[in-house]
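Read off the chains here:
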Amino acid sequence: EVQLQASGGGLVQAGGSLRLSCVASGFTFDDYAIGWFRQAPGKEREGIALISPADGSRYYVDSVKGRFTMSSDSFQNTATLQMNSLKPEDTAVYYCAAVHERGGWGGLIRRLHGNRMDYWGKGTLVTVSS
């Protein structure tokens, strides 16, 4: 059974930090890129970050670039999102998802932005207060 479990959400004040984890199982971790998504109240789900555990490639949308950092551990089948300098507009349910690594890095980024991932996990709520 394929599972992607996001955890680590909570309530933080603006300017604070939080670290989210995604634990994957049921598929070959290094054959997939792992993405982070978020859905704010009243908004559509958006992809914000992507990592290739196989070669370390990383991608971030401009709204989180410089504040959020992804990492991965292939031995633990985990991906992490370190979030610093949090803003109230970061408040959302955060999800991790996996997409098979085929078609090149640019194609994977397009799949991230199209919400066209292969496997989706359950979300964890991040609330940033002002």
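Refer to the structure printed above.
Residues numbered from 1 in each chain as written. Predicted model: local features only at pLDDT ≥ 70, side-chain atom pairs only at ≥ 80, totals over all residues. Heavy atoms only, no water.

**Thoughts on the pattern of salt bridges**
In step 1: Summed over the entire model, instances satisfying the criterion amount to five salt bridges.
In step 2: The shortest N-O distance in the salt bridge between Asp90 and Arg67 comes to 2.8 Å. With Asp90 in the loop between β8 (78-83) and β9 (92-100) and Arg67 in the loop between β6 (58-60) and β7 (68-73), the pair connects residues that are 23 residues apart, well separated along the chain.
In step 3: We classify Asp90 as buried; its relative accessible area is 0%. (Salt bridge = Lys/Arg side-chain N within 4 Å of Asp/Glu carboxyl O. Helix = DSSP H or I, 4+ residues; strand = E, 2+ residues; numbered from the N terminus. Buried < 20%, exposed > 50% of the residue type's maximum accessible area, 1.4 Å probe, protein only.)

**Digging into the packing of aromatic side chains**
In step 1: Counted according to the given criterion, the structure contains four aromatic pairs.
In step 2: Ring geometry for Phe27 and Tyr119: centres 5.5 Å apart, planes at 25°, overall stacked. With Phe27 in the loop between β3 (18-25) and β4 (32-39) and Tyr119 in strand β10 (residues 119-120), the pair connects residues that are 92 residues apart, well separated along the chain.
In step 3: Judged by its relative accessible area of 27%, Tyr119 falls in the partly exposed class.
In step 4: Look at Tyr32 and Tyr119: their rings are 5.6 Å apart centre to centre, the planes differ by 40°, and that puts the pair in the tilted class. Here the residue Tyr32 occupies a position in strand β4, and Tyr119 occupies one in strand β10, the gap between them amounting to 87 residues.
In step 5: Positioned above the aromatic ring of Trp120 is the side chain of Arg45, whose terminal nitrogen or guanidinium carbon lies 3.7 Å from the ring centre. (Phe/Tyr/Trp six-rings, centres within 6.5 Å; stacked < 30°, edge-to-face > 60°. Lys NZ or Arg CZ within 6 Å of the ring centre and 35° of its normal.)

**Observations concerning the nonpolar core**
In step 1: By size, the foremost hydrophobic cluster in this structure holds 30 residues, and its most contacted members are Trp36, Ile48, Leu81, Met83 and Tyr94.
In step 2: Counting ten residues, the second largest nonpolar core, distinct from the first, contains Ala97, Leu108, Leu112 and Met117. (Core = buried A, V, L, I, M, F, W, Y, C linked by side-chain atoms within 4.5 Å.)

**Brief notes about unusual backbone geometry**
In step 1: A positive phi angle, close to 55°, is found at Asn77, a residue other than glycine.
In step 2: Locating Asn77 in the fold gives a position in the loop between β7 and β8.
In step 3: Residue classification places Asn77 among the partly exposed positions, given a relative accessible area of 24%.
In step 4: For Asn115, which is not glycine, the phi dihedral falls at a positive 55°.

**Digging into the state of the cysteines**
In step 1: Evaluation of the coordinates by the stated rule reveals one disulfide.
In step 2: There is a disulfide in this structure between Cys22 and Cys96, and the S-S distance comes to 2.1 Å. Across the S-S bond of Cys22 and Cys96 the torsion is about 75°, and the bridge reads as right-handed. Placement of the pair is Cys22 in strand β3 and Cys96 in strand β9, with a sequence separation of 74 residues. (Disulfide = S-S within 2.5 Å.)

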